[in-house]
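Structural overview for review
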Amino acid sequence: MAGFTTRAIHLTEDNQYGSILPPIFTTTTYAQPLDVEGPYEYQRGGNPSREAAEKTMAALEDAKHAYVYPSGMAATTAALNILKAGETVIMGMPIYGGSYRFATIELAQRNVQTRFVKDFSTLSDADFEGNVTMVFLESPTNPTLEVHDIQHVAEIAHRNGAIVVVDNTFMTPYLQRPLELGADITVQSATKYLGGHADLLAGVAATNNDQLAERLWHNQMVSGSMLSPMDSYRLLQECKTMAIRIDRQQENTYKIIEFLQSHPAVERVLYAGSASEKEAEIHARQAKGVGALISMTLVEGADPKLFLKQLQVFTFAVSLGGIESLVSLPAHMVLGSYSQEHRDMFGIEDRLIRLAIGIEDIDDLIADLKRGLDAISESLA
């Protein structure tokens, strides 16, 4: 099989004109033969541009089926919509605020129960009592970067008749392949690393299971939640450089981790595998590298706003995965939907700062962080 970037670039070249870029079909409807059904009828049901994007996404995931959506949450919603009234989902914590909000509001209104779990290492058959039909998790988690053993979770879940859905946004299929580890569905926000330029809103769900693929497709059809032809084209183009971008972002990330660990204003640096030797071993086994999103906890008494005010390169904003470096306060931004009880339970404190590392020159990124952290040290002297 061709390599990751080769697949991203060349899968859509097979068209009638020999164009190296696929054409964009914006039409909403198609003329139909009288006696047979045509390959396309109406854009919601099928579109050549969207199918080209889905073909590439499936290839990058090594999946039989992939579906593209107008946002990452739309992809997550499609997977969670598989749940039925009376069923229970085990959800790994902490998790993206949008997924948490959907579970605590939407699923609760549909009589679907959610059981929040922080440590999957102790998962056992007994945890699947109460009609548990799905496990939904991130690895690493958002924003504390804790690692779950996807293969271990999948083995126990399947033994008890439950499916496993993994949000792979942070790692992408370039760094981690949940389907190969036993997951039934992967979802990701293509807005992040797949798009990579902070100019595209999109999501992807992928699976090797024909029955689950049918349910994802049906949900997409009835909800009308599919990516437009223009955005499908943009996703195809932007994902071609993903591996190059992530390589540079990871290179920057490793150097920033080393710098932060040496600064007296930082109490702790969090990245995939940092929580324990066991998590480091698991992550090394199931992924290639730490990715480009990390967090840090400032020392006791530090004012995060003082740190933020000094920054000139990092932008104070939500999101991640783009070529620009971003900084956010998870407790008040991406996880603002959490109850105070869950913030306290899962370590989401005000001193926690999330850093999404871009491709800027590393000396400029470190100088920017140093400026903010030195201000913290001076204020506490």
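In this text the structure is predicted, and so the values were computed from the model without any measurement.

Turning our eyes to something else, we now look at the environment of Ile185. Tracing the sequence through the fold places Ile185 in strand 6 (residues 185–189). Considered as a pair, Ile185 and Ala66 are 119 residues apart in the sequence and their alpha carbons are 9.6 Å apart. Every residue in contact with Ile185, bar those within four places of it in the chain, is listed here: Ala79, Ile82, Val164, Val165, Val166, Leu179, Ala206, Thr207, Leu212 and Leu216.

Considering all chains together, one arrives at 20 salt bridges under this definition. Put simply, Arg234 and Asp231 hold a salt bridge, and the shortest N to O gap is 3.1 Å. Separated by three residues within a single helix, Arg234 and Asp231 lie in helix 8 (residues 229–238), roughly one turn from each other. On the basis of relative accessibility, which here comes to 22%, the residue Asp231 falls in the partly exposed class.

Strand pairing in a sheet is mediated by backbone hydrogen bonds. Such pairs are either parallel or antiparallel. In spatial order, the strands read 1-7-6-5-4-2-3; together these seven strands make up an open sheet with mixed pairing. Sheet topology places strand 1 (65–69) and strand 3 (113–117) at the edges, where each strand pairs with a single neighbour. Between one strand axis and the next, the sheet turns by 20 degrees as a mean value, whatever way the strands run. With five bridges joining them, strand 2 (residues 88–92) and strand 3 adopt parallel strand pairing. Pairing of Val89 across the sheet is with Thr114, part of strand 3. Helix-sheet contacts for helix 3 (residues 72–80) involve strand 1, strand 2, strand 4 (132–138), strand 5 (163–167), strand 6 and strand 7 (203–207), and the interaxial angle to strand 6 is about 155 degrees. Against the sheet, helix 5 (residues 150–159) makes contact with strand 4 and strand 5, and its axis sits at roughly 155 degrees relative to strand 5, the strand it touches most.

Here we come to the packing of aromatic side chains. Enumeration over the complete set of coordinates arrives at three aromatic pairs. Ring geometry for Tyr30 versus Tyr40: centroids 5.5 Å apart, planes at 35 degrees, classification tilted. Placement of Tyr30 in the loop between helix 1 (4–10) and helix 2 (48–61) and of Tyr40 in the loop between helix 1 and helix 2 is noted, with a sequence separation of 10 residues between them. Taking the relative accessible area as the measure of exposure, Tyr30 reaches 18% and is therefore buried. Here Lys288 stacks its cationic end above the ring of Tyr174, 4.8 Å away from the centre of that ring.

Reading the values: rules and limits
- Residues numbered from 1 in each chain as written.
- Predicted model: local features only at pLDDT ≥ 70, side-chain atom pairs only at ≥ 80, totals over all residues.
- Heavy atoms only, no water.
- Helix = DSSP H or I, 4+ residues; strand = E, 2+ residues; numbered from the N terminus.
- Contact = heavy atoms within 4.5 Å.
- Salt bridge = Lys/Arg side-chain N within 4 Å of Asp/Glu carboxyl O.
- Buried < 20%, exposed > 50% of the residue type's maximum accessible area, 1.4 Å probe, protein only.
- Pairing = 2+ DSSP bridges.
- Axes fitted to C-alpha atoms, helices over the stretch in contact; angles between N-to-C directions.
- Phe/Tyr/Trp six-rings, centres within 6.5 Å; stacked < 30°, edge-to-face > 60°.
- Lys NZ or Arg CZ within 6 Å of the ring centre and 35° of its normal.

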